[in-house]
Amino acid sequence: MPEGTVTGFQDILGNEMVKEHFKRAIENNKISHAYILTGEAGMGRKSIANAFAMTLLCEKGQSEPCMVCHSCRQVLGGNHPDLIYVTHEKQGSIGVDDIREQINDTVMIRPYSSYYKIYIVDEAEKMTVQAQNALLKTIEEPPFYAVIILITTNQEAFLPTILSRCVQLKLKPLKDFTVKSYITEHLKIPEREAEICAAFARGNLGKAIHLASSEEFKELYQKVMVILKNVETMDITILLDCIREMKEQNFDIGEVLDLMQLWYRDVLMYKVTKDMNLLIFKDEYKLINEMGQKKDYAGLEQILAAIDTARTRLAANVNMELVMELLLLTMKNP
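Reading guide: rules and limits
- Residues numbered from 1 in each chain as written.
- Predicted model: local features only at pLDDT ≥ 70, side-chain atom pairs only at ≥ 80, totals over all residues.
- Heavy atoms only, no water.
- Helix = DSSP H or I, 4+ residues; strand = E, 2+ residues; numbered from the N terminus.
- Buried < 20%, exposed > 50% of the residue type's maximum accessible area, 1.4 Å probe, protein only.
- Areas by Shrake-Rupley, 256 points an atom, 1.4 Å probe, with all protein chains shown as cover.
- Lys, Arg positive; Asp, Glu negative; His and termini not counted.
- Charge placed at Lys NZ, Arg CZ, Asp CG, Glu CD.
- Axes fitted to C-alpha atoms, helices over the stretch in contact; angles between N-to-C directions.
- Parallel < 35°, antiparallel > 145°, perpendicular 65-115°, else oblique.
- Left-handed = near helix turned anticlockwise from the far one by under 90°.
- Contact = heavy atoms within 4.5 Å.
- Nonpolar A, V, L, I, M, F, W, Y, C, P; charged D, E, K, R; others polar.
- Arc of directions from axis to C-beta.
- Polar contact = N/O pair within 3.5 Å; in protein donor to acceptor, adjacent residues only side chain to side chain.
- Patch = residues over 30% accessible without salt bridge, like charges linked within 9 Å, V, L, I, M, F, W, Y side chains within 5 Å.
- Salt bridge = Lys/Arg side-chain N within 4 Å of Asp/Glu carboxyl O.
- Expected span 1.5 Å × (residues − 1).
- Pairing = 2+ DSSP bridges.
- Phe/Tyr/Trp six-rings, centres within 6.5 Å; stacked < 30°, edge-to-face > 60°.
- Lys NZ or Arg CZ within 6 Å of the ring centre and 35° of its normal.

A. Examining the overall build of the chain more closely. The helix and strand tally for the chain stands at 15 helices and 5 strands. A burial count over the chain gives 50% of its 334 residues as buried. Summing over all exposed atoms, the chain offers an accessible surface of approximately 16500 Å²; the carbon and sulfur share of this is 50%. Of the charged side chains in the chain, 38 are positive and 46 negative, and the gap between their average positions amounts to 4 Å.

Okay, here's the thing in structure tokens:
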């Protein structure tokens, strides 16, 4: 289920422990006043937060929303008066005024039509220290009906006092097979493409869905495959021209490295197991086998280590062309 979709728990893939935590809390009537949902963008944090909110507000009072009562229809329509999505005007931060005006100044007003009044704060890691301190006052002494859900990619950005007063729930990546099955079934793309998208997304369904429908990713994939298939025979200047061209077209060099890593992981995997079913690039197993025969284990491990080193150097703003030249030279070595 794509990130941000409003639905019940049963329609959200994976993260059974997080979903069960919320469902048990509802069944046992032990709802905390503050939650932190942590995970990569695209992993379903918003979908789970929305499912929890809709279930709490549902008139049937079960552990799944009924989807048909007046309250559920209001949530689905984005106009439930007791479900507040905290917004912020500044792109880089959530300021103290945002928290005061949208939470602190309204939280003492009782719910309009439900037992609970729920606040969802997306990108909560963007709260300034002042904003967090303002929120802390509400979390420390909340009215009985208030529930605050902080959605974040990085809970390390929160003050220890915020962390200690919230139930912290971390979303985990899905199995590649689960992601592949979903995008094959729902996006109707070939299994080979689905497998590559799933592996590349590393368990992030939202990212896999984006990749599967992205013409830009398909073009990037084709360009990287040209390099990987011909790295040993092409002149280093031509290889670097290919990298420059990708950079000029605003392709993400980090994604280039990810594809290279998956490729050499396949070469090493096939060299060890000779099992084609374990490959991500199944269509290329003949070439993968040839490369594995040419390179010894130490050489393949050296290439994989060089890809990690290149990623670290790029993050440290080392010159991109120099970084990629060193990597390509390592890949060219027999």
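There is more to say, and it comes next.
B. Broad picture of the packing of helix H10 (residues 215-230) against helix H11 (residues 236-248). For the pair H10 and H11, the least separation of the axes is 10 Å and the interaxial angle reads 165°. Here H10 lies roughly antiparallel to H11, going by the angle between them. As for how H10 packs across H11, the hand of that crossing is left-handed. Facing Leu220, Lys223, Val224 and Ile227 of H10, the residues of H11 in contact are Leu239, Cys242, Ile243, Glu245 and Met246. Across the contact of H10 with H11, the residue classes tally to 7 nonpolar, no polar and 2 charged.

C. Structural detail: the environment of Asp97. With respect to the helices, strands and loops of the structure, Asp97 is situated in helix H4 (residues 96-104). Looking at Asp97, the relative accessible area reads 47%, which means it is partly exposed.

D. Examining helix H9 (residues 205-212) more closely. What H9 keeps buried is the set Leu205, Ala208, Ile209, Leu211 and Ala212. Relative to the axis of H9, the buried residues are bounded by an arc of 165° and lie together on one face. As for H9, its buried residues are in contact with helix H7 (176-187), helix H8 (191-201) and H10. The opening residue of H9, the one whose side-chain oxygen lies 3.2 Å from the backbone nitrogen of Gly206, is Asn204.

E. View of a negative patch on the surface. The grouping of Glu89, Asp97, Glu101 and Asp105 at the surface amounts to a negative patch. Along the chain, Asp105 falls in the loop between H4 and strand E3 (117-121).

F. Representation of the pairing of strand E1 (residues 34-38). Burial runs high along E1: 5 of the 5 residues are buried. Side chains Ala34, Ile36 and Thr38 of E1 all project onto a buried face; the interleaved residues Tyr35 and Leu37 project onto the opposite face, where all are buried too.

G. Up close: helix H14 (residues 297-315). With 19 residues, H14 should cover 27 Å at 1.5 Å per step; its first-to-last C-alpha distance of 28 Å lies within 8% of that length. Of all the positions in H14, only Gly299, Leu300, Ile303, Leu304, Ala306, Ile307 and Ala310 are classed as buried. Down the axis of H14, the sector holding all buried residues measures 150°, keeping them to one side. Facing away from the buried side of H14 by over 90 degrees, the exposed positions are Ala298, Thr312 and Ala315. Those residues of H14 that are buried are in contact with helix H12 (253-273) and helix H15 (320-332).

H. Representation of a nonpolar patch on the surface within the structure. Taken together, the side chains of Val318, Leu322 and Leu326 define a hydrophobic patch exposed on the protein surface, amounting to about 220 Å² of accessible area. Turning to its location among the elements, Val318 is positioned in the loop between H14 and H15.

I. Fine view of the sheet that holds strand E2 (residues 83-86). Reading across from one edge, E2-E3-E4-E1-E5 is the order of the 5 strands in this open sheet, with parallel pairing throughout. Each edge of the open sheet is held by one strand with a lone partner, namely E2 and strand E5 (167-170). Strand-to-strand twist in this sheet, taken as the mean axis angle between neighbours without regard to direction, amounts to 20°. Here E3 runs beside strand E4 (residues 146-152); their pairing, made up of 5 bridges, is parallel. Within E4, the position partnered with Ile118 by the bridge is Val147.

J. Spatial organisation of the side chain of Asp258. Within the fold, Asp258 resides in helix H12. When sequence neighbours within four positions are dropped, the list of residues in contact with Asp258 reads Phe200, Arg202 and Arg311.

K. Seen up close, the packing of aromatic side chains. Applying the stated criterion across every chain yields a total of 10 aromatic pairs. Look at Tyr115 and Tyr116: their rings are 4.9 Å apart centre to centre, the planes differ by 80°, and that puts the pair in the edge-to-face class. Put simply, the rings of Phe9, Phe22, Tyr35 and Phe52 touch in pairs and so form one group of aromatic residues. The ring centre of Tyr297 lies 5.1 Å from the NZ or CZ of Lys271, which sits over that ring.

L. Quick look at the packing of H8 against H9. Closest axis-to-axis distance for the H8/H9 pair is 8 Å, and the angle between their directions is 140°. Taken as axis vectors, H8 and H9 run oblique relative to one another. For H8 against H9, the interelement crossing comes out right-handed. Residues Cys197, Phe200 and Ala201 of H8 touch H9, and the partners they reach there are Lys207, Ala208, Leu211 and Ala212.

Geometric descriptors of this kind do not, in isolation, establish any biological role.
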